[in-house]
Amino acid sequence: MNVSIQREFVVEAPLENAWQHLARVEAWPSWAKHIKSVTVEPPGELSPSTVAVFRLAYGLKARFAVTEFVPKSHWKWISSFFGLTIHYDHRFEPINHDRTKVQFIIEANNLGFGRFLLAKHYTAMYSKNLDKAIPNLVAEINAGMR
């Protein structure tokens, strides 16, 4: 059994700007209010060796490690949350010189029944977080905020 969430949106910015904005993972709390802080190793922009620790609302903490990295195209990372292994994919596609399509794909795969129920609960919660965060992200990118 598998569980997934997909969100797709367009920003009024060139691919380079959209990528650079999201590659500054430590700045994510500015648009994703469920994230209280992020620590990135090595410090700086996202890279193939990035490991990030997110401090989330309600005192929760999650560690993410990059597993696939193709600059200005996509990156994937993996995390364990409540015993679930969750894959997060961030995809970027230029529409034209000034617009970019961004996709977030979150998946938990090969789940037994008990973990499937837990994953369904997690995706319901995370979907709400994404639905609140994405408009903030779009507004930041469209405004050219750094």
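Fair warning: this is a prediction, and the values are worked out from it, not measured in the lab. (Residues numbered from 1 in each chain as written. Predicted model: local features only at pLDDT ≥ 70, side-chain atom pairs only at ≥ 80, totals over all residues. Heavy atoms only, no water.)

## A word on the packing of aromatic side chains
Stated formally: Only the six-membered ring of Trp is used, alongside the rings of Phe and Tyr, when aromatic pairs are assigned; centres must lie within 6.5 Å, and planes under 30 degrees apart are stacked while those over 60 apart are edge-to-face, with the rest tilted. The secondary structure listing takes helices from DSSP runs of H or I that are at least 4 residues long and strands from runs of E that are at least 2 residues long, numbered from the N terminus. Between buried and exposed lies partly exposed: a residue is buried under 20% and exposed over 50% of the maximum accessible area for its type, with that area taken using a 1.4 Å probe on protein chains only.
In this structure the tally under the stated criterion is 15 aromatic pairs. Summarising the aromatic geometry, the rings of Trp-19 and Trp-75 are spaced 5.4 Å apart at their centres and angled 90 degrees between planes, so their arrangement reads as edge-to-face. Of this pair, Trp-19 sits in helix H1 (residues 15-23) while Trp-75 sits in strand E5 (residues 74-81), and the two are 56 residues apart along the sequence. Both residues of the pair, Trp-19 and Trp-75, belong to the buried class. In textbook terms, an aromatic cluster arises when at least three aromatic residues are bridged by ring pairs, as seen for Trp-19, Trp-28, Trp-31, Phe-54, Phe-64, Phe-69, Trp-75, Trp-77, Tyr-88, Phe-92 and Tyr-126.

## What to know about the sheet that holds strand E7 (residues 99-108)
Pairing between the strands of a sheet is mediated by backbone hydrogen bonds and can be parallel or antiparallel. Using the following cut-off: Two strands are counted as paired when DSSP detects at least two bridges linking them. Fitted lines through C-alpha atoms give the axes, limited to the stretch in contact for helices. The angle between two N-to-C directions lies from 0 to 180 degrees.
The sheet built from 7 strands is open, its strands ordered E1-E7-E6-E5-E4-E3-E2 with antiparallel pairing. Each edge of the open sheet is held by one strand with a lone partner, namely strand E1 (3-11) and strand E2 (35-41). Geometrically, the sheet is characterised by an average inter-axis angle of 20 degrees between neighbouring strands, direction not taken into account. Bridge count for strand E6 (residues 84-96) against E7 is 9 bridges, and the pairing is antiparallel. Bridge pairing in E7 links Tyr-88 to Ile-106.

## Let's talk about the layout of surface pockets
Where empty space is left can be seen by rolling a probe of water-molecule size over the atoms. Test applied: For cavity detection a 1 Å grid was placed over the protein atoms alone, and a set of points counts as a cavity when a 1.4 Å probe fits there but cannot get out; an open set counts as a pocket when protein lies on both sides within 12 Å along at least five of seven lines, with lining residues being those that have an atom within 4 Å of a point. Grid points are joined across faces, edges and corners, and a volume is the space filled by probe spheres set on the points.
One number sums up the size of the largest pocket: a volume of about 540 Å³. Along its surface, the largest pocket is lined by 30 residues, and His-34, Ile-35, Leu-56, Tyr-126 and Asn-129 are the ones closest to its centre. The set of elements that each furnish at least two residues to the lining of the largest pocket consists of strand E3 (51-56), strand E4 (61-70), E5, E6, E7 and helix H2 (113-143). Here the lining of the largest pocket takes 9 residues from H2, the largest share from any one element.

## Concerning the environment of Ser-73
To keep things clear, this is the line we draw: In this description, contact between two residues means that some pair of their heavy atoms is separated by no more than 4.5 Å.
Considering the arrangement of structural elements, one finds Ser-73 in the loop between E4 and E5. Distance from Ser-73 to Glu-93, taken between C-alpha atoms, is 6.7 Å for residues 20 residues apart in sequence. Apart from residues lying up to four places away in sequence, Ser-73 is in contact with Trp-19, His-90, Arg-91 and Phe-92.

## A look at the pattern of salt bridges
Under the convention used in this document: The salt bridge definition used is simple: a Lys or Arg side-chain nitrogen within 4 Å of an Asp or Glu carboxyl oxygen.
Under the definition given, this model contains 6 salt bridges. Among the salt bridges present, the one from Asp-131 reaches Arg-7, with a minimum N-O distance of 2.7 Å. In this pair, Asp-131 sits in helix H2 while Arg-7 sits in strand E1, placing the two residues 124 residues apart along the sequence. Note on Asp-131: relative accessible area 45%, which makes it partly exposed. The exposure class of Arg-7 is partly exposed, given its relative accessible area of 22%.

## So, the pairing of E3
Here E3 shows a clear split, with Ala-52, Phe-54 and Leu-56 buried on one side and none of Val-51, Val-53 and Arg-55 buried on the other. Where E2 lies against E3, 6 bridges are found, and the strand directions are antiparallel. Looking at E3, one finds that Val-38 is bridged to Phe-54. Where E3 and E4 come together, 5 bridges link them in antiparallel fashion. In the strand pairing of E4, Val-51 is matched with Ala-65. Between E3 and E4, which pair antiparallel and follow one another directly, the connecting turn spans 4 residues, one of which, Tyr-58, has a positive phi of 65 degrees.

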